[in-house]
Amino acid sequence: MTVPAPAGGRAERPRGAAGAGAILRLVRDGRASTRVEIGELTGLARSTVTQRVDQLLAERLLVPAGAAASTGGRPSRVLAFNRDAGVVLAADLGATHSRVALCDLGGEVLAEAAADRAIADGPDPVLTWVEATLDELLARSGHGVGDVRGVGIGVPGPVEFATGRPVAPPIMPGWDGYPVAARIGSRYAAPVLVDNDVNIMALGEHQAGWRDVDHLLYVKVGTGIGCGIVAGGRILRGAQGAAGDLGHIQITSDPSVVCRCGNIGCMEAVAGGGALAASLRAQGVQAADGRDVVAHVRAGRPEAVRVVREAGRVLGSVLATSVNLFNPGVIVIGGDLSRAEEHLLAGVREVVYQRSLPLATRSLRIVRSRLDDRAGIVGASVMVIDHVLDPRTIDAALSGREAVAAAD
Ligand SMILES: [Zn+2]
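Residues numbered from 1 in each chain as written. Predicted model: local features only at pLDDT ≥ 70, side-chain atom pairs only at ≥ 80, totals over all residues. Heavy atoms only, no water.

A.B. asks: Describe the coordination of the zinc ion, naming the residues involved and giving the relevant values.
C.D. replies: Donor atoms from the polypeptide that bind the zinc ion are His 248 (ND1), Cys 259 (SG), Cys 261 (SG) and Cys 266 (SG), placed at 2.0 to 2.3 Å. In this structure, the zinc ion is surrounded by four donor atoms whose angles at the metal cover 104 to 120°, and the resulting shape is tetrahedral. Mapped onto the sequence, the residues coordinating the zinc ion show the spacing H-x10-C-x1-C-x4-C. Its relative accessible area of 36% is what places Cys 261 among the partly exposed residues. (Donors = N, O, S within 2.8 Å, 3.2 Å for Na, K, Ca; no water. Tetrahedral: all angles 85-135°; square planar, octahedral: opposite > 155°, others 65-115°. Buried < 20%, exposed > 50% of the residue type's maximum accessible area, 1.4 Å probe, protein only.)

A.B. asks: Which residues make up the nonpolar core, and what are the values?
C.D. replies: In this structure, Leu 24, Ile 38, Leu 56, Leu 61, Leu 216 and Leu 389 are the most contacted members of the largest nonpolar core, which totals 51 residues. Sort the elements by how many residues they give to this core and helix α13 (residues 375–388) lands first, with nine residues. Setting aside its immediate chain neighbours within four residues, Leu 389 contacts Leu 24, Arg 28, Leu 61, Phe 81, Leu 105 and Ile 394. One finds Met 267, Val 285, Ala 304 and Val 323 within the second-largest nonpolar core, a separate group that totals 37 residues. (Core = buried A, V, L, I, M, F, W, Y, C linked by side-chain atoms within 4.5 Å. Helix = DSSP H or I, 4+ residues; strand = E, 2+ residues; numbered from the N terminus. Contact = heavy atoms within 4.5 Å.)

A.B. asks: Could you give an account of unusual backbone geometry, with specific residues and numbers?
C.D. replies: For residues that are not glycine, phi is negative in most cases, and the peptide bond is trans in most cases. Backbone geometry at Asn 327 places phi at a positive 50°, although glycine is not the residue there. Structurally, the position occupied by Asn 327 is in the loop between α10 (302–326) and β13 (330–334).

A.B. asks: Lay out the environment of Phe 81 in plain terms, naming residues and giving numbers.
C.D. replies: Mapping Phe 81 onto the fold places it in strand β2 (residues 77–81). In sequence terms Phe 81 and Val 27 are 54 residues apart; their C-alpha atoms lie 6.3 Å from each other. Discounting residues that sit within four places of it in the chain, Phe 81 has contacts with Leu 24, Val 27, Arg 28, Leu 61, Leu 62, Leu 105 and Leu 389.

A.B. asks: Lay out the pattern of salt bridges in plain terms, naming residues and giving numbers.
C.D. replies: Going through the model one piece at a time under the given rule, you end up with 24 salt bridges. Notably, a salt bridge pairs Asp 124 with Arg 183, separated by 2.7 Å at the nearest N-O pair. With a gap of 59 residues between them, Asp 124 in helix α4 (residues 123–140) and Arg 183 in helix α5 (residues 180–188) connect regions that are remote in the sequence. What makes Asp 124 partly exposed here is its relative accessible area of 46%. (Salt bridge = Lys/Arg side-chain N within 4 Å of Asp/Glu carboxyl O.)

A.B. asks: Describe the sheet that holds strand β12 (residues 234–235), listing the residues and the values that go with them.
C.D. replies: Each strand in a sheet pairs with another by means of backbone hydrogen bonds, the pair being arranged parallel or else antiparallel. If you walk across this open sheet you meet the five strands as β12-β11-β10-β13-β14, and the pairing is mixed. With partners counted over all chains shown, the strands left at the sheet margins are β12 and β14 (365–368), one partner each. Across two bridges, the pairing between strand β11 (residues 225–231) and β12 is antiparallel. Paired with Ala 231 across the two strands is Arg 234, which belongs to β12. (Pairing = 2+ DSSP bridges.)

Listed below in structure tokens is the structure:
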């Protein structure tokens, strides 16, 4: 099953037109907890509020939660969002390591599993593992397939979001055009959203620590370099889902710098984990990948500290341009190389604060990822919960039920 992309913007409906979905959102956001408050906020007649609240109670999306203090007369019954009215499944498929989780509708992880799986093995073996592991998590937590309200999946490559298919992903042989969302959706009979991993990581970091910041950049610096953009509180994917591809911005015309994408002089080919490991090898220091580079930095090896600091400056020069263009409130740096103590961030800060416009950096924060390896799981669950509890999704589901009931 594929789902349409969530529309941008947070415009509320005019007063008096709020459906059950909008009422659920008021309660979820903590803006209303009684029928009276819902009536005041929406302008709906009391009978309409009662009818829509009853629908949400019947769906178990709302539950009674005791009585509110009243100034007189009958106490007003308090309503609460029921985070146990189903579960969502999340999967973060990395280049060499994958993680899956089962979460309640509040985004809390109830069960989780991880394994070393090469994405390059191709879609069938990887997704077979995902399905078997998710089934195991469902069984372990006492849930059935019928409890699944949605599935969110991140993959290490570009994705056509509307259809949930990877598009020419450079490190995912066999996945080009593979119907990931359709396959997983037919198994769980629920909406499936598939996105580039840096997008969901950006969403996870935003949710976990920066909800008060509307504009955020998340930069993953590992073997490759990618960037997820949160704009106005939502993921900015661009026209074709290719927004944020910072790794392949050209930073040098040196013909000896050949990128795995086939172009010359990409940032990734200079400042990615593989490039730094190669640079250390050229200086006689053994390093196979970015993780080895980080281990050398932590051991205090000066060559390694130097290449990481310089990679930070290179990244900073590209981010300085992004800061002028996009004016984010925070830049979160994640990925393997962000674990190189503070050296990578120091290089980034040095150049960004020097080169970006003063107004754009006045309150800009440049920080390390808080969620680290779990950013993808958190973000994938946020993405799918936002979709399944979106007022339009709720209203469509409820009107579908009404139509079925009327036909019976
Ligand atoms: Zn490239």
